[in-house]
Amino acid sequence: MPRIKVKRTSTVTDMTAMCDVAALLLTFFILTATARQPEPLAVSTPSSTYEFKVPAENNATLTIGQGKVFFEVAGVNVRKRTLELMAEQYNMTFTPEELKAFMGIGSFGVPLQSLKQLIAMKAGDRMKPGVQPGIPADSTDNQLSAWVLNARKATKEINQQDMRISIKGDSKEEYPVVKKVIDILQDQKVNKFLLVTNAEAKKK
Amino acid sequence: MAELNTGGKKATPRVDMTPMVDLMFLLVTFFILTTVISTPQAMDIVKPDKNDKQPENRLELKASKTMTILLGKNNKVAWYMGVAGETAPNIGPLATVGDDIVKNRKIADASGVAGDFVVLVKPTSGSTFQNFVDMMDELEILKVKVRQIDDDNIQDNEKQAMKEQGIL
């Protein structure tokens, strides 16, 4: 009697299908996601159970951490117009190239006088800790107030909508620093603002 | 691994896709990690207008229905009902102040005085941003409708009481 032949099959699986799935996922993620903006001032926000999304437009974000304040206004055209208004107020001129480069800069924290140097820097150098000292917000040189006011003007002009202001504070930040910023906003009759927080599950 | 020759025939030329799949998943992982999946959450806060020339903006508070919470150092709070200085503030950790609010609200609602239960939050210089957010969050969870933030008018007797407890 002949021996039963054991059919030996190949152990190699066809990976083509899996490769297709991976490529599909990759395409999906590239198309749907927006890139995370690198932040020159990293803060860890406190968590809350509020469920209100930070608006993507008509919004300015003030980042507070280590006693410094950083500023960012949403929308590239609004950003450009804000800088133009700032330049007007402080009698400075920015070249079209500098305005264009500024449109690409998100959050920043330098006095207006050294903004040109910041724009000229490479993107990687801008993010290094210690490069940006924060926006001056003293009573003698209140540039933060000017930035907020001009950003509000620019938003109104371009989007015909009121700008909202989000405060993104570090959870360890002492309250007086936050109060100083809120007081600046209240001087402009901005009594409503958003505090950026992490999402937290609701307690039952 | 050597491929087993399954037939007598010559194996068809095929490309091994495994490294490509590896690379694809690496890229997918990279994109998941570097992109923002959800926008951050925010709480909307309203502060009273600073213009004193408009007295109609001032809210009249009922002493029996007003609870003042002072945020102090080391995640501690001091709270009292009614008018400052009349009763000594209670000191407690921020984490348990929610229970006190619930208790006080029950007493206030049972008193029969008209008007809403009001919570006045006064963050002092010793508190952190985290304390403030936690406090406002707690009020939202407990559905305290009328809440006021007051960081300008911290009265001397309040400061005194907080100093004695070492939380200012």
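Bear in mind the structure is a predicted one, so any value in this text is a computation, not a measurement.

I would appreciate a short explanation of the pairing of strand β6 (residues 118-123) of chain B in the present structure.
Taken residue by residue, a regular strand's side chains alternate between the two faces of the sheet. All names here are of chain B. Within β6, six of the six residues are buried, which leaves it mostly tucked inside the rest of the structure. Residues of β6 alternate between two faces, with V118, L120 and K122 on one and V119, V121 and P123 on the opposite face, all of them buried. Pairing between strand β3 (residues 66-71) and β6: six bridges, direction parallel. Residue pairing across strands places T66 opposite V118, the latter belonging to β6. Bridge count for β6 against strand β7 (residues 146-149) is four bridges, and the pairing is parallel. In the strand pairing of β7, L120 is matched with Q148.

Looking at this structure, I do not really get the interface of chain B and chain A. What am I missing?
Interfaces are frequently sized by the accessible area removed from exposure as the parts join. In this complex, chain B contributes 51 residues to the contact, which on the side of chain A involves 54 residues. At the boundary of chain B with chain A, total buried surface from both sides reaches about 4,900 Å², with 64% on carbon and sulfur atoms. The three residues of chain B that bury the most area against chain A are Q41(B), A42(B) and F129(B), which together make up 17% of that side's buried surface. Counting every contact that joins chain B to chain A gives zero salt bridges. Counting across the interface, chain B meets chain A through nine residue pairs in polar contact (both at pLDDT 80 or more). Secondary-structure elements contributing two or more residues to the side of chain B that touches chain A are α1 (18-34), β1 (35-36), β2 (41-46), α3 (129-141) and β7 of chain B. Among the elements that make up the side of chain B that touches chain A, the one with the highest residue count is α1(B) (eleven residues). Among the residues forming the side of chain B that touches chain A, the class breakdown is 26 nonpolar, twelve polar and 13 charged.

Can you help me understand helix α2 (residues 97-110) of chain B in this one?
All names here are of chain B. Over its 14 residues, α2 extends 20 Å from the first C-alpha to the last, a length consistent with the 20 Å expected when each residue adds 1.5 Å. Among all positions in α2, only V97, G98, D100, I101, N104 and A108 are buried. Projected onto a plane normal to the axis of α2, the buried residues spread over an arc of 150° and lie on a single side. Opposite the buried face of α2, by more than 90 degrees, sit the exposed residues D99, K103, K106, I107 and A110. Elements that come into contact with the buried residues of α2 comprise β3, β4 (76-81), β5 (90-93) and α3. Downstream of α2 by one or two residues, G112 has phi in the positive range, about 85°.

Explain the nonpolar core to me, please; I cannot follow it from the model alone.
Within soluble globular proteins, side chains that are nonpolar generally end up buried alongside one another. Counting 65 residues, the largest nonpolar core has F71(A), F108(A), L115(A), W147(A), I69(B), I101(B) and M135(B) as the members making the most contacts within it. Ignoring anything within four residues of it in the chain, the contact list for I69(B) reads V77(B), A78(B), W79(B), V97(B), I101(B), V119(B), L120(B), V121(B), K122(B) and M135(B). Among the nonpolar cores identified, the runner-up in size contains eight residues, and M15(A), F29(A), V21(B) and M24(B) belong to it.

I would appreciate a short explanation of the packing of helix α2 (residues 76-89) of chain A against helix α6 (residues 143-159) of chain A in the present structure.
Between two packed helices, both the angle of their axes relative to each other and the distance between the axes serve to describe the pair. Residue and element names in this part refer to chain A. At a minimum axis distance of 8 Å, the contact between α2 and α6 shows a crossing angle of 130°. Judged by the angle between their axes, α2 and α6 are oblique. For the crossing formed where α2 meets α6, the hand is right-handed. For the pair α2 and α6, the contacting residues are N77, V78, R81, T82, L83, L85, M86 and Q89 in the first and Q143, A146, W147, N150, A151, K153, A154, T155, E157, I158 and N159 in the second. By residue class, the composition of the contact of α2 with α6 is nine nonpolar, seven polar and three charged.

Please explain the packing of helix α1 (residues 16-32) of chain A against α1(B) as it appears in this structure.
Look at α1(A) against α1(B): their axes get within 9 Å of each other, and the N-to-C directions meet at 20°. By the angle class used here, α1(A) and α1(B) are roughly parallel. For the crossing formed where α1(A) meets α1(B), the hand is left-handed. Seen from α1(A), the contacting residues are M18(A), C19(A), A22(A), A23(A), L25(A), L26(A), F29(A) and I30(A); seen from α1(B), they are M20(B), V21(B), M24(B), F25(B), L27(B), V28(B), F31(B) and I32(B). Here the residues of the contact of α1(A) with α1(B) are counted per class, giving 16 nonpolar, no polar and no charged.

Looking at this structure, I do not really get unusual backbone geometry. What am I missing?
Across the chain, the bulk of peptide bonds are trans and the bulk of non-glycine residues have phi less than zero. All names here are of chain A. One non-glycine residue with positive phi stands out, namely Q66, at about 55°. Inspection of the secondary structure assignment puts Q66 in the loop between β4 (59-65) and β5 (68-73). Note on Q66: relative accessible area 59%, which makes it exposed. Phi at K189 is positive, roughly 65°, even though this residue is not glycine. Mapped onto the elements, K189 comes out in the loop between α7 (175-187) and β7 (192-199).

Explain the packing of aromatic side chains here, please?
The relation between two aromatic rings is expressed through the spacing of the ring centres and the mutual angle of the planes. Residue and element names in this part refer to chain A. Taken as a whole and assessed by the stated rule, the structure comprises eight aromatic pairs over all chains. When the ring of F102 is compared with that of W147, the centres are 6.1 Å apart and the planes differ by 25°; the resulting orientation is stacked. Pair noted here: F102 is in helix α3 (residues 96-103) and W147 is in helix α6, with a separation of 45 residues, a long-range link. Neither residue differs from the other here; F102 and W147 are each classed as buried. Put simply, the rings of F71, F102, F108 and W147 pair up and form one aromatic cluster.

Conventions and cut-offs
- Residues numbered from 1 in each chain as written.
- Chains lettered and ligands numbered in written order.
- Predicted model: local features only at pLDDT ≥ 70, side-chain atom pairs only at ≥ 80, totals over all residues.
- Heavy atoms only, no water.
- Buried < 20%, exposed > 50% of the residue type's maximum accessible area, 1.4 Å probe, protein only.
- Helix = DSSP H or I, 4+ residues; strand = E, 2+ residues; numbered from the N terminus.
- Pairing = 2+ DSSP bridges.
- Contact = heavy atoms within 4.5 Å.
- Buried area = accessible area lost by both parts, 1.4 Å probe.
- Salt bridge = Lys/Arg side-chain N within 4 Å of Asp/Glu carboxyl O.
- Polar contact = N/O pair within 3.5 Å; in protein donor to acceptor, adjacent residues only side chain to side chain.
- Nonpolar A, V, L, I, M, F, W, Y, C, P; charged D, E, K, R; others polar.
- Expected span 1.5 Å × (residues − 1).
- Arc of directions from axis to C-beta.
- Core = buried A, V, L, I, M, F, W, Y, C linked by side-chain atoms within 4.5 Å.
- Axes fitted to C-alpha atoms, helices over the stretch in contact; angles between N-to-C directions.
- Parallel < 35°, antiparallel > 145°, perpendicular 65-115°, else oblique.
- Left-handed = near helix turned anticlockwise from the far one by under 90°.
- Phe/Tyr/Trp six-rings, centres within 6.5 Å; stacked < 30°, edge-to-face > 60°.

None of the figures reported here should be taken as evidence of function without further support.
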